[in-house]
Amino acid sequence: PISAIALFVVATAVLTIASPLLVRLYFKTSNAEALQLGTVFAFICVPQILFYGLYPIFGQVLNANGRFAAFTWAPLVANVVAIGGLGWFVAAGLPVRADPGSWTPQMIGILAGTATLSIALQAAALVPPLRRMGFRYRPRWGFKGHGFEGVSDVAKWSFGSIVVVQVGFWVTTQVLTHAADEGKRL
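Predicted, not measured: the structure shown is a model, and the values here were computed from it. All residue numbers refer to position in the chain's written sequence, counted from 1. Where local features are concerned, this predicted model is filtered to residues with pLDDT of at least 70; where side-chain atom pairs are given and counted, the filter is 80 or more; whole-chain, interface and lining totals use all residues. Excluded from the side-chain calculation are hydrogens and water; included are all heavy atoms of the structure.

Chemist: Describe the nonpolar core, listing the residues and the values that go with them.
Modeler: Residues Ile5, Leu50, Leu54, Tyr55, Phe58, Leu62, Phe71, Ala74, Ala123, Leu126 and Leu130 constitute the largest nonpolar core, which totals eleven residues. Within the residue set of this core, elements represented by two or more residues are helix H4 (48–64) and helix H5 (69–91). Working definition: helices are DSSP H or I runs of at least four residues, strands are E runs of at least two. Numbering for both runs from the N terminus. Sort the elements by how many residues they give to this core and H4 lands first, with five residues. Contacts of Leu62, omitting those with residues within four sequence positions, involve Arg67, Ala70, Leu126, Pro129, Leu130 and Met133. Each nonpolar core is a collection of buried residues, namely Ala, Val, Leu, Ile, Met, Phe, Trp, Tyr and Cys, held together in the definition by side-chain atoms within 4.5 Å. Only protein chains enter the accessibility calculation, which uses a 1.4 Å probe; a residue whose area is less than 20% of its type maximum is buried, one above 50% is exposed, and one in between is partly exposed. Pairs of residues are marked as contacts when any of their non-hydrogen atoms sit within 4.5 Å.

Chemist: So what about the packing of helix H2 (residues 19–26) against helix H3 (residues 32–45)? Which residues, and what values?
Modeler: The axes are straight lines fitted to the C-alpha atoms, using for helices just the contacting stretch, and the angles between their N-to-C directions are given from 0 to 180°. Put simply, H2 and H3 touch, their axes get as near as 9 Å, and they point 125° apart. Classified by the angle their axes make, H2 and H3 are oblique. Read as a crossing pair, H2 and H3 show a hand that is right-handed. Taking contact as the criterion, the partners of Ser19, Pro20, Val23 and Arg24 in H2 are, on H3, Leu35, Gly38, Thr39, Ala42 and Phe43. Per-class residue counts for the contact of H2 with H3 are five nonpolar, three polar and one charged. Orientation labels follow simple angle bins: below 35 degrees gives roughly parallel, above 145 gives roughly antiparallel, 65 to 115 gives roughly perpendicular, and whatever is left gives oblique. Handedness of a helix crossing follows the sense of rotation of the near helix relative to the far helix, less than a right angle counterclockwise being left-handed and clockwise being right-handed. Three classes are used, and their members are as follows: Ala, Val, Leu, Ile, Met, Phe, Trp, Tyr, Cys and Pro are nonpolar, Asp, Glu, Lys and Arg are charged, and the others, Gly among them, are polar.

Chemist: Residues and numbers for the environment of Gly53, please.
Modeler: By the element assignment, Gly53 lies in helix H4. The exposure class assigned to Gly53 is buried, which follows from its relative accessible area of 2%. Distance from Gly53 to Phe8, taken between C-alpha atoms, is 6.4 Å for residues 45 residues apart in sequence.

Chemist: Go over the layout of surface pockets, please, and point to the residues and values.
Modeler: Grid points spaced at 1 Å over the protein atoms alone were grouped into cavities, where a 1.4 Å probe fits but cannot get out, and pockets, open sets with protein on both sides within 12 Å along at least five of seven lines, with lining residues defined by an atom within 4 Å of a point. Grid points are joined across faces, edges and corners, and a volume is the space filled by probe spheres set on the points. In this structure, the largest pocket encloses a volume near 540 Å³. Forming the boundary of the largest pocket are 15 residues, of which Val23, Phe27, Gly38, Phe41 and Ala42 lie nearest the centre. Per-element tally for the lining of the largest pocket: the top contributor is H3, with five residues.

Chemist: Can you explain the packing of H3 against helix H6 (residues 105–124)? Please cite residues and give values.
Modeler: Two elements in contact, H3 and H6, have axes whose closest approach is 9 Å; the angle formed by their N-to-C orientations is 35°. Considering how the two elements wind past one another, H3 and H6 form a crossing that is right-handed. Taken together, the residues of H6 that come into contact with H3 (itself represented by Leu37, Val40, Phe41, Ile44 and Cys45) are Ile108, Leu111, Ala112, Gly113 and Thr116. Classifying every residue of the contact of H3 with H6 by side-chain character gives eight nonpolar, two polar and no charged.

Chemist: A description of the packing of aromatic side chains should follow, citing residues and the corresponding values.
Modeler: When the centres of two rings from Phe, Tyr and Trp lie within 6.5 Å, Trp using its six-membered ring, the rings pair. Their planes under 30 degrees apart give stacked, over 60 give edge-to-face, and anything left gives tilted. In total, this model carries four aromatic pairs according to the counting rule given. Judged by centre distance (4.7 Å) and plane angle (35°), the rings of Tyr55 and Phe71 are tilted. Within this pair, whereas Tyr55 is found in helix H4, its partner Phe71 is found in helix H5, the two being separated by 16 residues in sequence. As far as burial versus exposure is concerned, Tyr55 and Phe71 are alike and both buried. Ring centres of Phe89 and Trp103 lie 5.9 Å apart, and the angle between their planes is 35°; this geometry places the pair in the tilted category. Here Trp103 lies in the loop between H5 and H6 and Phe89 lies in helix H5, a separation of 14 residues in the sequence. Neither Phe89 nor Trp103 differs from the other in exposure class; each is buried.

Chemist: How would you explain H3 if you had to name every residue and give the values?
Modeler: Since the α-helix packs 3.6 residues into each turn, any two residues three or four apart lie on the same face. The end-to-end C-alpha distance of H3 is 20 Å, a good match for the 20 Å that 14 residues give at a rise of 1.5 Å each. Along H3, the positions that sit buried rather than exposed are Ala34, Leu35, Leu37, Thr39, Phe41 and Ala42. Those residues of H3 hidden inside the fold are in contact with H2 and H6. N or O atoms closer than or at 3.5 Å make up a polar contact, with two conditions inside protein: a donor-capable atom paired with an acceptor-capable one, and, for residues adjacent in sequence, both atoms drawn from side chains. A distance of 2.9 Å separates the backbone nitrogen of Glu33 from a side-chain oxygen at the start of H3, and that oxygen is part of Asn31. Here the expected length of a helix is defined as 1.5 Å per residue gap, with one fewer gap than residues.

Chemist: Account for the side chain of Thr116, with residues named and values stated.
Modeler: If you trace the backbone, Thr116 turns up in helix H6. A polar contact of 3.1 Å, which involves the side chain of Thr116, links it to the side chain of Gln48. Among all residues touching Thr116, those that are not within four sequence positions of it are Ile44, Cys45 and Gln48.

By themselves, these are just geometric observations and shouldn't be taken as functional.
So this is what it looks like as structure tokens:
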């Protein structure tokens, strides 16, 4: 099939570049500092899309070859790193609640950096078992002859449900961020 990894790389690059637009699309506020903070977090966290995509791809290759342990246990790596990042944030004496304008590069780096690192390490944890079984990545391009005909209806419904969920999420975030903004003015 069209290399799923290549699609994730391109989608991640496009969405990372579009981070300022995405933040403004999902975060309705007149607070410039909040928009700036959200954009910085997006630039650091949106690359997680690539690693969230690589993890199931690598895991399915392992599963197809009867190797289940790494795929099962790799989320533990992500959880330990993410929890460690939160612990580091608190242990460093950083404020748990802070106005958007008071966030420092250290606060952003610890919180967003460890969040992204955790997901990157989850995907990277599957590389050694893949290498041990002799797997070498070779992209395959095209759709023909890969069984996509049988899943097209399922794929359409799946895509449609994703669109509905995202529209609902967008409406919810618009209402909640607007309400929070209005609440601060009262």
